[in-house]
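Each chain, written out:
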Amino acid sequence: MFSKILIANRGEIAVRVIKTCRRLGIATVVVYSDADAGSLAVEMADETVHIGASPAAQSYLVADKIIAACKETGAQAIHPGFGFLSENASFAQRCADEGIVFIGPNPDAIKAMGDKIESKKFAQAAGVSCVPGHIGEIADTAEAVTIAEQIGYPVMIKASAGGGGKGIRVAWNRQDVEEGFPAVRAEAKASFGDDRIFIEKFIESPRHIEIQVLGDKHGNVVHLFERECSIQRRNQKVIEEAPSPLLDEATRAAMGAQAVALAKAVNYDSAGTVEFVAGQDKSFFFLEMNTRLQVEHPVTELITGLDLVEQMIRSAYGEKMAFGQDDLKINGWAIESRIYAEDPYRKFLPSIGRLVRYDPPAEGQRQGYTIRNDAGVREGDEISMYYDPMISKLCSWAPTRLAAIDGMGRALEDFHIEGLGQNIPFLAAVMDEDRFRSGQLATSYIKDQFPDGFGGTEPTADQLDILTAVGAAMQRVYAARARNDASGLIGAAREDWVVAVGHAKRPVRVTGDEAGVTIDLTGEGRTLSLADIDWRPGKPVFKATLTGRPFTVQATPAAEGFTIRHRAAKARVLVLTPRSAELHDKLPEKQAADTSKLVLSPMPGLVVSMDVAAGQLVREGEVVCVLEAMKMQNIIRAERDGTVKVVNAKSGDPVAADEILVEFA
């Protein structure tokens, strides 16, 4: 077995590879850029090598620097993780030429299947059913428009070297192609160093199902069943699960057999994924093959009991696979939620910054489910604008799908992050939705269920009880401490209150102490019992059981009352005396500031282009500017007709969130 492996990656996947190497007794080398100098991966590795500036094109994508680091440290092999150089056939060949083992498929397999354009040609020649499209490079925007109109809208504009949701746009009309093609090309160049683009038919309301394959250097290939990755936003996977709620045994076997046949045809000898687009009728078409480890590999590991990183290492070392297809079985159900640094309340825009608080749920077995959290960050780390905004991958496993969903919901409750926007409330909302729980999925799921964006959810009856009980308990503690005088004596506690959750007001009688509180809902003839309280003033997370059911909320004092969030339901909670409640109804609502004449930067980023000038008449929907953040280009459009009064930024300027870019007269 190898004695030392270099990890040519960063973040959570670098940490993930280190953990397996430690278990196998293999020393690790981590390369790092300026932005990652203090990262968890750097801290965990046995050796580290600095390879350049923060932009990936100056560090993680520079093959010469990776090879030099390998030679400098005496590493025998390179694990590329995912992204960066993981699907670069030239890099894999360079490793072979330098006498370094590439922990991934052989260069010929990468060349045949890793390139999106070449893989389509190969699949067609092999008789595999493919999505209709133009299989070939596209020179410019004009040619892209011609091809798109020949195929018929909608079409998908896709980077040949793409991955991770980057370098992809869906075009519904000519204007979308004219704007999207150059944006995709720019993203592809920045992210992958390859700006080749192809176009294919976009199949509406499909499901995204992929088959995990695994091969060795002795001609053996197996599949490790499927993953459903249909919950996507901007073509980037958000929630994955294994197995798929769509497939029956016959369809699963057919997809698996086709994936294995493709892998064998190119002598595939590592972990890889054959992706399919599937109809609700279980029909499926080959989409592409990812010749690397997938981000969502943990759900496959959880249902098979295999360590895919270990299997890649063993295959690269030349070991024969220790099991066959008949030895593999599906055990239970697993779900992965990607925790992203993005603000779901602001159209999921990137939210870079420091993790002021980072408190994930405890890993391991719980009552009826198991939790796993793959992360490359710690409290105090910074989420950089230079790389993917993923913070961690939270996974749950249980014997059944619904139990895994419920486990994920509880784990999301327990996950606490401060300092930047994150998508935990959104993920929790999906776990609670009837459509998701029923398994009726499609790649359009998020657009279908949240057509106007995400604004949280209204509290259910159970959540209203939780918010009421927590507010009453917190108020009781603050009031008791306020009554302490210099002698330490405590006066009589008021019991009659009115708890306002949003616009709902509930008269209550509150009794108990800091360990447990009883809330009589005097207007409803019910009693809530709050026990096992784990909270103190200043602590942002409130844990307890309500009538025997455990829960966690994020709770902080506000200017008036408390701000409390349970999953996706967030509300201001006031605990008032009956007289104060009467007077409170007479207070006028605070009016929001008028920003209708302003174009604000929705995120921190870099101005790629400013497309308007002072005095220019702009129509609703026209492009105002293009911003780049986390390797994604975002087109900012005018939300109303108007004449530009002032332009406050120019191409190349860095801007902060909510910075005024353009003012209208």
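Structure's up top.
About the criteria used
- Residues numbered from 1 in each chain as written.
- Predicted model: local features only at pLDDT ≥ 70, side-chain atom pairs only at ≥ 80, totals over all residues.
- Heavy atoms only, no water.
- Core = buried A, V, L, I, M, F, W, Y, C linked by side-chain atoms within 4.5 Å.
- Buried < 20%, exposed > 50% of the residue type's maximum accessible area, 1.4 Å probe, protein only.
- Helix = DSSP H or I, 4+ residues; strand = E, 2+ residues; numbered from the N terminus.
- Contact = heavy atoms within 4.5 Å.
- Polar contact = N/O pair within 3.5 Å; in protein donor to acceptor, adjacent residues only side chain to side chain.
- Pairing = 2+ DSSP bridges.
- Axes fitted to C-alpha atoms, helices over the stretch in contact; angles between N-to-C directions.
- Salt bridge = Lys/Arg side-chain N within 4 Å of Asp/Glu carboxyl O.

Peer 1: Teacher, can you tell me more about the nonpolar core here?
Peer 2: A general tendency of soluble globular proteins is for nonpolar side chains to be buried together. One finds I5, L6, V31, I66, I78, F91 and I313 to be the most contacted residues of the largest nonpolar core, which totals 62 residues. Per-element tally for this core: the top contributor is helix α1 (residues 11–24), with 6 residues. Setting aside its immediate chain neighbours within four residues, L6 contacts V29, V31, I66, A69, C70, T73, A75, A77, I78 and H79. Within the second largest apolar cluster, 40 residues are counted, among which are Y369, V377, A428 and M431.

Peer 1: Any chance you could explain the side chain of H223 here in plain terms?
Peer 2: Its location among the elements puts H223 in strand β11 (residues 221–233). A polar contact of 3.1 Å, which involves the side chain of H223, links it to the backbone nitrogen of F225. Setting aside residues up to four positions removed in sequence, H223 forms contacts with I211, Q212, V213, G256, A257, V260, Q325 and L328.

Peer 1: In this structure, what is going on with the sheet that holds strand β3 (residues 47–52)? I would like to understand it.
Peer 2: Pairing between the strands of a sheet comes from backbone hydrogen bonds, and it takes one of two forms, parallel or antiparallel. Pairing within the open sheet is parallel, and its 5 strands lie in the order β3-β2-β1-β4-β5. In this open sheet, the two edge strands, each paired with only one partner strand, are β3 and β5 (101–102). As paired strands, strand β4 (residues 77–79) and β5 are joined by 2 bridges and run parallel to one another. Among the inter-strand pairings, A77 is bridged to a residue of β5, identified as V101. Against the sheet, α1 makes contact with β1 (4–7), β2 (27–33) and β4, and its axis sits at roughly 170 degrees relative to β1, the strand it touches most. Taken strand by strand, helix α3 (residues 63–73) contacts β1, β2, β3 and β4, and its axis lies near 150 degrees from that of β3.

Peer 1: Looking at this structure, I do not really get helix α13 (residues 424–432). What am I missing?
Peer 2: Every α-helical turn comprises 3.6 residues, leaving residues that sit three or four positions apart pointing alike. The buried fraction of α13 amounts to 8 of the 9 residues, a majority that puts the element mostly inside the structure. All buried positions along α13 are accounted for by I424, P425, F426, L427, A428, A429, V430 and M431.

Peer 1: It is not clear to me how the pattern of salt bridges should be interpreted in this structure. Could you clarify?
Peer 2: Here the idea is simple: oppositely charged side chains can pair when their charged atoms come close. Here the structure, examined in full by the defined rule, presents 57 salt bridges. Residues D465 and R526 are paired through a salt bridge, measuring 3.1 Å at the closest nitrogen-oxygen approach. Residue D465 is found in helix α16 (residues 461–483), and its partner R526 is found in strand β28 (residues 526–534); the two are separated by 61 residues along the sequence. Judged by its relative accessible area of 8%, D465 falls in the buried class. R526 sits in the partly exposed class, given a relative accessible area of 35%. The partner of R619 in a salt bridge is D641, and the shortest N-O contact between them spans 3.6 Å.

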